[in-house]
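# Structural description and commentary
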Amino acid sequence: MTTALATPGFDWVCQLVRRESAIVLAPGKEYLVEARLMPLARQLGLSGVSELVERCRARPDPATNRRIVEALTTNETSWFRDGDPFTALTSTVMPALQAARRPTDPITIWSAACSSGQEAYTIGMLLADSMPGAASRVRITATDLSRDMVARTRAGRFSQLEVNRGLPAPMLVRHFSRVGTEWEIAPALRQMVTASELNLAGPLPRLGPFDVVYLRNVLIYFDPPTKREVLRKVRQVMRPDGWLFLGAAETTLGVDDSWERVPCGRGSAYRPTKGK
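Everything numeric here is computed off the predicted structure, so don't read it as measured data.

## Regarding helix α12 (residues 224-236)
- The end-to-end C-alpha separation of α12 is 19 Å, in line with the 18 Å expected for 13 residues at 1.5 Å each.
- Residues of α12 that are buried include every one of T226, V230, L231, K233 and V234, and no others. Viewed along the axis of α12, the buried residues span an arc of 160°, placing them on a single side of the element. Structural note: α12 exposes P225 and Q236 on the side pointing more than 90 degrees away from its buried face.
- Against β1 (107-111), β7 (210-215), β8 (238-246) and β9 (259-264) lie the buried residues of α12.

## A closer look at the domain arrangement of the chain
- With domains assigned, the chain is organised as domain 1 (5-70) and domain 2 (82-270).
- Inter-centroid distance (C-alpha atoms) of domain 1 to domain 2 is 30 Å.
- At the interface, 9 residues of domain 1 touch 11 residues of domain 2.
- For the pair domain 1 and domain 2, the two sides together bury roughly 780 Å², of which 48% comes from carbon and sulfur.

## Focus on the pairing of strand β10 (residues 267-272)
- As defined by bridge partners, β9 adjoins β10 across 6 bridges and the pair is classed as antiparallel. Counted as the bridge partner of P263 is S268 from β10.
- Where β9 folds back onto β10 in an antiparallel hairpin, the turn is made up of 2 residues, including G265, whose phi is positive at roughly 65°.

## Thoughts on unusual backbone geometry
- Omega for the peptide link from G208 to P209 comes to 0°, which places this bond in the cis form.
- With respect to the helices and strands, the residue P209 is situated in the loop between β6 (193-197) and β7.
- The phi dihedral of A22 is positive, around 70°, even though this residue is not glycine.
- Among the secondary structure elements, A22 is positioned in the loop between α1 (7-21) and α2 (30-43).
- On the accessibility criterion, A22 (9% relative accessible area) is buried.
- Even without being glycine, N217 reaches a positive phi, approximately 60°.
- Its location among the elements puts N217 in the loop between β7 and α12.

## Focus: the side chain of N65
- For N65, the position within the fold is in helix α4 (residues 62-71).
- When neighbours within four sequence positions are excluded, N65 is seen to be in contact with W12, L16 and C56.

## A short note on the pattern of salt bridges
- By the definition in use, this model includes 19 salt bridges.
- Of the charged contacts in the structure, one is a salt bridge between D211 and R101, with a shortest N-O distance of 2.6 Å. With D211 in strand β7 and R101 in the loop between α5 (84-100) and β1, this residue pair connects regions lying 110 residues apart in the sequence.
- Taking relative accessible area as the criterion, D211 reaches 0% and is therefore assigned buried.
- In this structure, the salt-bridge partner of D211 is R239, at a minimum N-O distance of 3.1 Å.

## Here we look at the packing of aromatic side chains
- For the structure shown, the criterion picks out 8 aromatic pairs.
- Here F86 and Y214 contribute two aromatic rings whose centre-to-centre distance is 5.6 Å and whose plane-to-plane angle is 15°, an arrangement assigned as stacked. Of this pair, F86 sits in helix α5 while Y214 sits in strand β7, and the two are 128 residues apart along the sequence.
- Y214 sits in the buried class, given a relative accessible area of 0%.
- With 4.9 Å between their ring centres and 25° between their planes, Y214 and F245 make a pair best called stacked. Here the residue Y214 occupies a position in strand β7, and F245 occupies one in strand β8, the gap between them amounting to 31 residues. For the pair formed by Y214 and F245, the shared burial category is buried.
- Cation over ring: R271 sits above W243, and NZ or CZ is 3.8 Å from the ring centre.

Procedures and definitions
- Residues numbered from 1 in each chain as written.
- Predicted model: local features only at pLDDT ≥ 70, side-chain atom pairs only at ≥ 80, totals over all residues.
- Heavy atoms only, no water.
- Helix = DSSP H or I, 4+ residues; strand = E, 2+ residues; numbered from the N terminus.
- Expected span 1.5 Å × (residues − 1).
- Buried < 20%, exposed > 50% of the residue type's maximum accessible area, 1.4 Å probe, protein only.
- Arc of directions from axis to C-beta.
- Contact = heavy atoms within 4.5 Å.
- Domains from an automatic or database assignment.
- Buried area = accessible area lost by both parts, 1.4 Å probe.
- Pairing = 2+ DSSP bridges.
- Salt bridge = Lys/Arg side-chain N within 4 Å of Asp/Glu carboxyl O.
- Phe/Tyr/Trp six-rings, centres within 6.5 Å; stacked < 30°, edge-to-face > 60°.
- Lys NZ or Arg CZ within 6 Å of the ring centre and 35° of its normal.

Below is the structure:
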């Protein structure tokens, strides 16, 4: 018989998730914690989330703690999610970068919080279709907190349900092959993408410099000081004339004044402010 997660257990989970990922779980999210952690509790042969939490509190286990944190990070994603940040890449950003770079200079793009890889491979397909020599010139770095999501990005395999979420049929035909019940992205596109684990709330490894950063639907989970710190670290690994795309509900305004918001395609992007 399972019991609902009591306040001390919920508070412990909140503290663990905030310490390890900087994600803030607000009061009232007990239902979310229960839903996300129940599969893990069952995998471990436990009666419910309360028993899982109590066991971890009594006998700390870094591996289980990591699985708890990963279970509570949001991995919602799809192909061409929100549209504008991708159309702007080919209509505005790439022409500007190609005009400012030598033909032999690499173009570097960071898909932060890449989830299972749809964002990184969306970028790769767009550029492969619109930019001659993209496979040899473009380098896409995909990072995520979740070890499982990074492994899925590296594999480049997606279920029928996943490819049905926003992937145009012509692109599926051009860039994927059927492998059993899944779809596997072409080797040339997989070679454009390097996937690795990264916690945006921690120290950044040696990265960049990047021409374009996609940091979308990530800042909404952080408190203002963490948002400011993440934006500061992102700016440090961007080129001075780089482009930053955030989620539709996110902004640097009122958080970090070292960015300026600029029109970009049908939407907007952010660029480092010179001298700050």
